[in-house]
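Given next are the chains, with one letter for each unit.
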Amino acid sequence: MHQTLRKVSIPLIMIGCWSFNAYADDTMQHAAKEFASAIQNPKELQNLIGDDGLIVIRNFVTGGWGKRGKDIRYSLRKRDVPLDGSFPVKGETPVVLSLLFAESRKKGLDAEFSTVQAKSNLCFFSKRSKKCSQFPTTNDAINSIAEAISDIKLGTISIVQLSSDEFLYTEAADVIGGLPVGNFAVFSMRQGRYRLVALLDLR
């Protein structure tokens, strides 16, 4: 009696049209730990930034622009990133790394992260994608974040894998009226390691 053998394949976890694997998880976790450490010790922050520099955004997505403060978007060279983790804003309160990620600052290398994968392939500033060769407009970035955090447990320290070479680090995220609020850091693969490419303070 002959048995028909069926070919069985064990797929990677598939999210939309891209795959997620344990190696990617390990490298994201390592980068996230480095970031949590840099929040405690801001002098380490420059080491996480690549040659593309860092984009810093503060946006009052829930309204009140002008009364609560002004929307800002800065593009900084790596060498111009302040060593104290405080980004000055003329006539406004600064964007302070340790205040954006207060829980991460408390825990540092002991921080634990909830890890999820975005439902579809999202990108912000990927060198491997022509459509993401430049960081998106602030509005497009906000829309992508809203999509990316749709499945996270709100209010936690979370990592969202956006694509095969980018992830989003978030703390105290929430959704109000369909708009994301909270604090976010975008990481993208550069020269074999994840680099911090943007910080977003959405209020």
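A.B. asks: Kindly report on helix α4 (residues 138–148), identifying the contributing residues and their values.
C.D. replies: Burial in α4 covers these residues: Thr-138, Ala-141, Ile-142, Ser-144, Ile-145 and Ala-148. What you see down the axis of α4 is that its buried residues fit within an arc of 165°, all on one side.

A.B. asks: Outline the packing of aromatic side chains, supporting the account with residue identities and numerical values.
C.D. replies: In the structure shown here, the tally under the stated rule is seven aromatic pairs. Measuring from ring centre to ring centre gives 5.2 Å for Phe-35 and Phe-101, while their planes differ by 80°; the resulting arrangement is edge-to-face. Pair noted here: Phe-35 is in helix α1 (residues 22–40) and Phe-101 is in the loop between α2 (97–100) and α3 (102–107), with a separation of 66 residues, a long-range link. Relative to Tyr-169, the ring of Phe-113 has its centre 5.6 Å away and its plane inclined at 65°; by these criteria the two rings are edge-to-face. Within this pair, whereas Phe-113 is found in the loop between α3 and β7 (114–117), its partner Tyr-169 is found in strand β9 (residues 166–176), the two being separated by 56 residues in sequence.

A.B. asks: Mind laying out the pairing of strand β11 (residues 193–202), listing which residues take part and the relevant values?
C.D. replies: Every other side chain in a regular strand lies on the same face of the sheet, so the side chains alternate between the two faces. With nine of 10 residues buried, β11 lies mostly within the body of the structure. Alignment of strand β3 (residues 54–59) against β11, held across five bridges, turns out to be parallel. Paired with Ile-55 across the bridge in β11 is Ala-198. In this sheet, β11 lies alongside strand β10 (residues 179–190) in antiparallel orientation, the contact comprising nine bridges. Along β11, the bridge assignment pairs Met-189 with Tyr-194.

A.B. asks: How would you sum up the environment of Ile-159? Please name residues and give values.
C.D. replies: You can see Ile-159 is positioned in strand β8 (residues 158–163). For Ile-159, a relative accessible area of 0% corresponds to the buried category. With residues up to four places along the chain from it excluded, the contact list for Ile-159 reads Met-28, Gln-29, Ala-32, Phe-113, Ser-114, Thr-115, Val-116, Phe-167 and Leu-168.

A.B. asks: An account of the nonpolar core is requested, with residue identities and associated values reported.
C.D. replies: Counting 32 residues, the largest nonpolar core has Phe-35, Leu-45, Phe-101, Tyr-169, Leu-196 and Leu-199 as its most contacted members. Contributing elements (two or more residues each) for this core: α1, β3, β5 (86–89), α2, β9, β10 and β11. Among the elements that make up this core, the one with the highest residue count is α1 (seven residues). Look past the residues within four positions of Phe-101 in its chain and what remains in contact with it is Phe-35, Ile-39, Tyr-169, Glu-171, Asn-183, Phe-184, Ala-185 and Leu-199.

A.B. asks: Explain the side chain of Arg-58 to me, and be specific about the residues and the numbers.
C.D. replies: Among the structural elements, Arg-58 can be located in strand β3. Accessibility expressed as a relative area gives 1% for Arg-58, which makes it buried. Here the side chain of Arg-58 touches Thr-93 through a polar contact of 2.8 Å, landing on its backbone oxygen.

A.B. asks: If you had to explain the confidence of the model for the protein to someone new, which residues and values would you point to?
C.D. replies: On average, residues of the protein score 82 in pLDDT, and 81% of them reach the 70 mark or higher. In this model, residues 1–23 is a region of pLDDT below 50 whose contacts with residues beyond four sequence positions or in other chains number 26 contacts.

Rules behind the numbers
- Residues numbered from 1 in each chain as written.
- Predicted model: local features only at pLDDT ≥ 70, side-chain atom pairs only at ≥ 80, totals over all residues.
- Heavy atoms only, no water.
- Buried < 20%, exposed > 50% of the residue type's maximum accessible area, 1.4 Å probe, protein only.
- Helix = DSSP H or I, 4+ residues; strand = E, 2+ residues; numbered from the N terminus.
- Arc of directions from axis to C-beta.
- Phe/Tyr/Trp six-rings, centres within 6.5 Å; stacked < 30°, edge-to-face > 60°.
- Pairing = 2+ DSSP bridges.
- Contact = heavy atoms within 4.5 Å.
- Core = buried A, V, L, I, M, F, W, Y, C linked by side-chain atoms within 4.5 Å.
- Polar contact = N/O pair within 3.5 Å; in protein donor to acceptor, adjacent residues only side chain to side chain.
- pLDDT = per-residue confidence, 0-100.

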